[in-house]
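Residue strings, one per chain:
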Amino acid sequence: KVAVIGCGSLGGPVATRLAEAGVGNLALIDPETLQWANIGRHPLGVREIGRHKAEALACQISVDYPHIVSVQPYLKRWQELLVQDPTVLSSCQVIVSAIANGMPKQH
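The structure reproduced in this document is the subject of the present report.

Quick notes on the rules
- Residues numbered from 1 in each chain as written.
- Predicted model: local features only at pLDDT ≥ 70, side-chain atom pairs only at ≥ 80, totals over all residues.
- Heavy atoms only, no water.
- Helix = DSSP H or I, 4+ residues; strand = E, 2+ residues; numbered from the N terminus.
- Buried < 20%, exposed > 50% of the residue type's maximum accessible area, 1.4 Å probe, protein only.
- Contact = heavy atoms within 4.5 Å.
- Polar contact = N/O pair within 3.5 Å; in protein donor to acceptor, adjacent residues only side chain to side chain.
- Salt bridge = Lys/Arg side-chain N within 4 Å of Asp/Glu carboxyl O.
- Pairing = 2+ DSSP bridges.
- Axes fitted to C-alpha atoms, helices over the stretch in contact; angles between N-to-C directions.

A closer look at the environment of Thr16
(1) Moving on: Structurally, the position occupied by Thr16 is in helix 1 (residues 11–20).
(2) Moving on: Relative accessible area serves as the criterion here: at 8%, Thr16 is assigned to the buried category.
(3) Moving on: C-alpha separation for the pair Thr16 and Lys53, spaced 37 residues apart in sequence, amounts to 13 Å.
(4) Moving on: Residue contacts for Thr16: discarding those within four places in its chain leaves Leu57, Ile61 and Tyr65.
(5) Moving on: Among the polar contacts made by the side chain of Thr16, one reaches the main-chain carbonyl oxygen of Gly12 at a distance of 3.0 Å.

Shown next, in the form of structure tokens:
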């Protein structure tokens, strides 16, 4: 089981590649929705604008990779999830952090 924290332009492709590689259980953690500014660099398309990234990506992976045993979206920040249900992360063998929070702004 692998958790991907952040399902944006980095985490979205990482989650997809993990499914392609045969990972059977994915936890996708991201509270944000897909915005127009994300479209050029995200595996989700324009039809998913306004949807939660984790939820839409989980649906796409489930359809595209039917061998997946479980792909579960969590629509909250990982810190909230850790407090509310710590077993989600503690049950994972690998946790991938694909979040950009705290990155300095480029001028």
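Following the structure, the description resumes.
Quick look at the pattern of salt bridges
(1) Moving on: Counted by the stated rule, this structure contains five salt bridges.
(2) Moving on: Note that Glu20 and Arg17 form a salt bridge whose closest N and O atoms lie 3.4 Å from each other. Residue Glu20 and its partner Arg17 are both found in helix 1; the two are separated by three residues, about one turn of the helix.
(3) Moving on: Judged by relative accessible area, which is 43%, Glu20 ranks as partly exposed.
(4) Moving on: The partner of Glu55 in a salt bridge is Arg51, with the nearest N and O atoms 4.0 Å apart.
(5) Moving on: With a relative accessible area of 32%, Glu55 lands in the partly exposed category.
(6) Moving on: Its relative accessible area of 28% is what places Arg51 among the partly exposed residues.
(7) Moving on: Salt bridges linked by common partners bring Glu48, Arg51 and Glu55 together as one network.

Considering the sheet that holds strand 1 (residues 2–5)
(1) Moving on: The four strands lie next to each other as 3-2-1-4, forming an open sheet whose pairing is parallel. The sheet terminates laterally at strand 3 (70–74) and strand 4 (94–97), the two strands that pair on one side only. Averaged over all pairs of adjacent strands, the angle between strand axes in this sheet comes to 15°, irrespective of strand direction.
(2) Moving on: Pairing of strand 2 (residues 25–29) with strand 3 involves five bridges; the strand directions are parallel. Paired with Ala27 across the bridge in strand 3 is Gln72.
(3) Moving on: Contacts between helix 2 (residues 53–64) and the sheet are confined to strand 2 and strand 3, with strand 3 contributing the most and set at about 170° to the helix.

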